[in-house]
Amino acid sequence: MVVTPSEAECAPIPPSGVPLCSVPLTTPRLPVDEAKQISVLFKALGHPHRVQLINLLARQSTPVCVYDITIAMDLAQSTVSHHLKQLVSAGLLRREQRGIWAYYSVDHAATAHLSAVIDLDVAPQRNELDTADTAAPRA
C-alpha cells in the first residue's frame, strides 16, 4: 500500500511539480553497515517462540537454566534448544555452561541496539505534530 500525503499536509507545489511535504526529515539515516548488523538481530526475532524467549529471559535478573526455560515455554527440548541456538548465534543471548546444564541470559548491549532503532520515546508523537501544525499558521 502506498501512502501519499494529502494536499493539507503538503506545502504549495514548486515549479518542479513535485510537492514538498511540510515536515522535513531531520534525523540522520542509520548507516548501511550498522543497519546490516542490526537486521541480523531483527531476523533472529522472526519467530514467535524466539520473541517469547527473549521476553522471558529479559525479565530475569540472573541466567536461567535450559531445563527451566523448556518447562516455562511448554515446548519440546529440541525446539527450545534450536531457538536458543539461533538467538545466541545472532548475539541476542549469552550461553554459559555449568556442568551438564547450559544457562542463558539476554545480552543487554544487543538489545540496546534494537531499542535504539525503534525508540519511540525520542520521536514526537503524531498528536504532538498535529498540535504543532495547528498552532503555527503556514505562510
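Placed above this text is the structure.
Quick caveat, the model's predicted, so the values are computed rather than measured.

Visitor: I'd like to hear about the nonpolar core, residue by residue, with values.
Guide: One finds Leu57, Ile69, Leu84, Leu87, Leu92, Leu93 and Tyr104 to be the most contacted residues of the largest nonpolar core, which totals 22 residues. Listed by contribution, the elements that provide at least two residues to this core are helix H1 (32-44), helix H2 (48-58), helix H3 (66-73), helix H4 (77-90), strand E3 (101-106) and helix H5 (108-117). When residues in this core are grouped by element, the largest group, four residues, is from H4. When sequence neighbours within four positions are dropped, the list of residues in contact with Tyr104 reads Leu57, Pro63, Val64, Val66, Ile69, Leu84, Val88, Leu93, Arg94 and Arg95.

Visitor: An account of the pattern of salt bridges is requested, with residue identities and associated values reported.
Guide: Summed over all chains, the structure comprises two salt bridges. Between Asp107 and Arg94 there is a salt bridge, with its nearest N and O atoms 3.6 Å apart. One end of the pair, Asp107, is in the loop between E3 and H5; the other, Arg94, is in strand E2 (residues 93-98), and 13 residues separate them in sequence. For Glu96, the salt bridge identified is with Arg98, shortest N-O distance 3.0 Å. The partly exposed category is assigned to Arg98, whose relative accessible area is 37%.

Visitor: Could you give an account of H2, naming the residues involved and the relevant values?
Guide: Buried within H2 we find Arg50, Leu53, Ile54 and Leu57. Burial along H2 is one-sided: seen end-on, the buried residues are contained in an arc of 95°. In the core, the buried residues of H2 are packed alongside H1, strand E1 (64-65), H3, H4, E2 and E3.

Visitor: So what's going on with the environment of Asp68? Which residues, and what values?
Guide: Along the chain, Asp68 turns up in helix H3. Since its relative accessible area comes to 44%, Asp68 is described here as partly exposed. Put simply, Asp68 and Tyr103 are 35 residues apart on the chain and 9.4 Å apart in space, counted from C-alpha to C-alpha.

Visitor: Kindly report on the packing of aromatic side chains, identifying the contributing residues and their values.
Guide: Scanning the model with the defined rule gives one aromatic pair in all. One residue, Arg98, lies across the ring of Tyr103, its end atom 4.0 Å from the ring centre.

Visitor: An account of the packing of H2 against H4 is requested, with residue identities and associated values reported.
Guide: It is at 10 Å that the axes of H2 and H4 come closest, and there the two elements cross at 75°. Between H2 and H4, the crossing angle belongs to the class labelled roughly perpendicular. Every residue of H4 that contacts H2 at His49, Arg50, Leu53, Ile54 and Leu57 is listed here: Thr79, His82, His83, Leu84, Gln86 and Leu87. Partitioning the contact of H2 with H4 into residue classes produces five nonpolar, five polar and one charged.

Visitor: A description of the environment of Gln60 should follow, citing residues and the corresponding values.
Guide: Note that Gln60 resides in the loop between H2 and E1. Taking the C-alpha atoms as reference points, Gln60 and Ser105, 45 residues apart in sequence, are found 7.9 Å from one another.

Visitor: Report on the packing of H1 against H4, specifying residues and quantitative values.
Guide: Contact pair H1 / H4: the axes reach a minimum separation of 9 Å and the direction vectors enclose 170°. The pairing of H1 with H4 is recorded here as roughly antiparallel in orientation. Facing H1, whose interface residues are Val40, Leu41 and Ala44, H4 presents Gln86, Leu87 and Ala90. Among the residues forming the contact of H1 with H4, the class breakdown is five nonpolar, one polar and no charged.

Rules used throughout
Residues numbered from 1 in each chain as written. Predicted model: local features only at pLDDT ≥ 70, side-chain atom pairs only at ≥ 80, totals over all residues. Heavy atoms only, no water. Core = buried A, V, L, I, M, F, W, Y, C linked by side-chain atoms within 4.5 Å. Buried < 20%, exposed > 50% of the residue type's maximum accessible area, 1.4 Å probe, protein only. Helix = DSSP H or I, 4+ residues; strand = E, 2+ residues; numbered from the N terminus. Contact = heavy atoms within 4.5 Å. Salt bridge = Lys/Arg side-chain N within 4 Å of Asp/Glu carboxyl O. Arc of directions from axis to C-beta. Phe/Tyr/Trp six-rings, centres within 6.5 Å; stacked < 30°, edge-to-face > 60°. Lys NZ or Arg CZ within 6 Å of the ring centre and 35° of its normal. Axes fitted to C-alpha atoms, helices over the stretch in contact; angles between N-to-C directions. Parallel < 35°, antiparallel > 145°, perpendicular 65-115°, else oblique. Nonpolar A, V, L, I, M, F, W, Y, C, P; charged D, E, K, R; others polar.

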